[in-house]
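Structure assessment
Read off the chains here:
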Amino acid sequence: MLLCISENVCNVHSLNDYRMFRCWASNHEMDKLHLRWLDPLLRETTLDEITRDVIDQIKESKKAEGVTNGTVNRMLALLRSILRRAETDWEWLDQAPKVRLLPEPKRRIRWLNKETAERLLFELPKHLQAMARFTLATGLRQGNVQGLLWSQVDVDRRMAWIHPDQAKARKAIAVPLNADVIHVLRGQLGEHLDYVFTYRGKPIIQVNTKAWKAALKRAGIEDFRWHDLRHTWASWHVQQGTPLHVLQELGGWETADMVRRY
């Protein structure tokens, strides 16, 4: 039986359907984003039509959009997992195609000083500025910020939390909220019933937009990704003397080695 890839993996609006293959994914919000990226490319493609040539075309398509190798690889890894499961568990494929990942630099730490960060914030549109300010103050990963729900925030206690199944290290993260974050959150009140950060009444599913790139250009900032806001947050903490074991807990890193790069 030939089934479209979107039918097999992508009723992403149903959490119960999604969880059947969620176990091997590190961050379900980012996985849903990658599935949305794949959907227009594979919507009319059956599983047995997804060959290495098709996968290579997906790579080139995303690279042409300016997507980094690391981000493309996260999408490819998810596609590879789905295809392998279609072969071994569901028996929908005789043999899954090989998915070759793109080369990535082993280490890349890019951060902004506070003056440059403020220049970037000034240039961002309102919805991205709110997310960026929140990220610079909390260090949360992009997917956690995009998918943050009001049910995960307690403004009175100045605390937010990321559930274990939402965290890359699979451990809950307690997020203290300073005055800057509270100000950002109060500005988001009333925008959406469930999601903290939205655009035109809908959850934000993409930040690497023309508006983001244009803001970077106007601010005179090169070679900077959204994830580098997290690097910036961590670097500021180290410069202010935050102990590495404390930073590890705040950032939700699995090992101390991941923190020592800062």
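In this convention, every chain numbers its residues from 1, walking through the sequence in written order. Local features in this predicted model are restricted to residues whose pLDDT is 70 or higher, and side-chain atom pairs enter the listing and the counts only when it is 80 or higher, whereas totals over whole chains, interfaces and linings include all residues. Side-chain measures here rest on the full set of heavy atoms in the structure, leaving out hydrogens and waters.

Moving on, we come to the nonpolar core. Generally speaking, nonpolar side chains in soluble globular proteins are found buried as a group. Among the buried residues, those of types Ala, Val, Leu, Ile, Met, Phe, Trp, Tyr and Cys that are joined through side-chain atoms within 4.5 Å form a nonpolar core. Using a 1.4 Å probe on the protein chains alone, a residue whose accessible area is under 20% of its type maximum counts as buried, one over 50% counts as exposed, and one in between counts as partly exposed. Counting 40 residues, the largest nonpolar core has Leu120, Phe134, Val153, Leu177, Leu185, Phe197 and Trp212 as its most contacted members. If you list the elements that add at least two residues to this core, you get helix H6 (114-123), helix H7 (126-138), strand S2 (159-162), strand S3 (173-176), helix H9 (179-188), helix H10 (210-219) and helix H11 (228-239). Note on conventions: DSSP H or I runs of at least 4 residues are helices, E runs of at least 2 residues are strands, and numbering of each starts at the N terminus. Top contributing element to this core by residue count: H7, with six residues. If we ignore the near neighbours within four places in the chain, the residues touching Phe197 are Ala130, Met131, Phe134, Val145, Gln146, Leu148, Val184, Gln188, Pro203 and Ile204. Of all hydrophobic cores here, the second largest spans 21 residues; its members include Ile55, Met75, Leu83 and Ala96. We call two residues in contact whenever any of their non-hydrogen atoms come within 4.5 Å of each other.

Moving on, we get to the pattern of salt bridges. Here, a salt bridge means any side-chain nitrogen of Lys or Arg that lies within 4 Å of a carboxyl oxygen of Asp or Glu. Per the counting criterion, the structure on display carries eight salt bridges. Put simply, Asp154 and Arg157 hold a salt bridge, and the shortest N to O gap is 3.8 Å. The exposure class of Arg157 is exposed, given its relative accessible area of 62%. Salt-bridge contacts for Asp228 lead to Arg225; the nearest nitrogen and oxygen are separated by 3.8 Å. You can call Asp228 buried: its relative accessible area is 0%.

In this section: the packing of helix H4 (residues 52-64) against helix H5 (residues 69-88). Structural elements are reduced to axes, namely lines fitted to C-alpha atoms, with helices fitted over the stretch in contact, and the angle between N-to-C directions of any two is expressed from 0 to 180 degrees. Taken N-terminus to C-terminus, the directions of H4 and H5 make an angle of 155 degrees; their axes are 10 Å apart at the nearest point. It follows that H4 is roughly antiparallel to H5 by the angle criterion. In this structure, the crossing between H4 and H5 has a hand that is right-handed. Note on element contacts: H5 touches H4 through Asn69, Val72, Met75, Leu76, Leu79 and Leu83, opposite Ile55, Ile58, Lys59, Lys62 and Lys63. Each angle gets one of four labels, with under 35 degrees taken as roughly parallel, over 145 as roughly antiparallel, 65 to 115 as roughly perpendicular, and the rest as oblique. For a crossing to be left-handed, the near helix must be turned anticlockwise from the far one by less than a right angle; the clockwise case is right-handed.

A few words now on the side chain of Thr46. With respect to the helices and strands, Thr46 occurs in the loop between helix H3 (28-42) and H4. Looking at Thr46, the relative accessible area reads 11%, which means it is buried. Polar side-chain contacts of Thr46 include one of 2.8 Å to the side chain of Asp48. In protein, a polar contact means a hydrogen-donor-capable atom and an acceptor-capable atom, both N or O and within 3.5 Å, with residues adjacent in sequence counting only if both atoms are side-chain atoms; elsewhere, any N or O pair within 3.5 Å suffices.

It is worth spelling out the packing of H6 against H7 at this point. One can describe the packing of H6 onto H7 by two numbers: an axis separation of 9 Å at closest approach and a directional angle of 155 degrees. On the basis of the axis angle, H6 is roughly antiparallel to H7. Classified by chirality, the crossing of H7 by H6 is left-handed. Residue-level inspection shows Ala117, Glu118, Leu121 and Phe122 of H6 in contact with H7, the latter providing Gln129, Ala132, Arg133 and Leu136. In this count, Pro and Cys sit with the nonpolar residues alongside Ala, Val, Leu, Ile, Met, Phe, Trp and Tyr, while Asp, Glu, Lys and Arg are called charged and the others, Gly among them, polar. Considered class by class, the residues forming the contact of H6 with H7 number five nonpolar, one polar and two charged.

Where strands meet in a sheet, backbone hydrogen bonds hold them as pairs that are either parallel or antiparallel. Pairing between strands requires that DSSP locate at least two bridges from one strand to the other. What the three strands build is an open sheet, ordered S1-S2-S3; its pairing is antiparallel. Every other strand in the sheet has two partners, leaving strand S1 (153-154) and S3 as the edge strands with one partner each. Pairing of S1 with S2, which is carried by two bridges, proceeds in the antiparallel orientation. Paired with Asp154 across the strands is Met159, a residue of S2.

This part covers the packing of aromatic side chains. Here is the rule: rings of Phe, Tyr and Trp (six-membered ring for Trp) pair when centre to centre is within 6.5 Å. Planes less than 30 degrees apart are stacked, more than 60 are edge-to-face, and the remainder are tilted. By the definition in use, this model includes five aromatic pairs. For the pair Trp233 and Trp253, a centre-to-centre distance of 6.1 Å together with 25 degrees between the ring planes defines the contact as stacked. Within this pair, whereas Trp233 is found in helix H11, its partner Trp253 is found in the loop between helix H12 (244-251) and helix H13 (257-260), the two being separated by 20 residues in sequence. Exposure remark for Trp253: the relative accessible area of 6% places this residue in the buried category. Whether a charge sits over a ring depends on NZ of Lys or CZ of Arg being within 6 Å of the ring centre and within 35 degrees of the ring normal. Here the guanidinium or amino end of Lys114 rests over the ring plane of Trp236, the centre of that ring lying 5.1 Å away. Taking the ring centre of Trp253 as reference, the NZ or CZ of Arg230 above it sits at 4.2 Å.

A separate point is H9. Along H9, the positions that sit buried rather than exposed are Val181, Ile182, Val184, Leu185 and Gln188. Each buried residue of H9 sits inside an arc of 160 degrees when the element is viewed along its axis, so together they form one side. Relative to its buried face, H9 has exposed residues pointing more than 90 degrees away, namely Asp180, His183 and Arg186. Looking at the buried side of H9, the elements it contacts are H7, S1 and strand S4 (198-199). For H9, the side-chain oxygen to backbone nitrogen distance between the N-cap and Asp180 is 3.1 Å, and the N-cap itself is Asn178. After H9 finishes, the residue Gly190 shows a positive phi value of roughly 85 degrees. The directions considered for the arc are those from the helix axis to the C-beta atoms.

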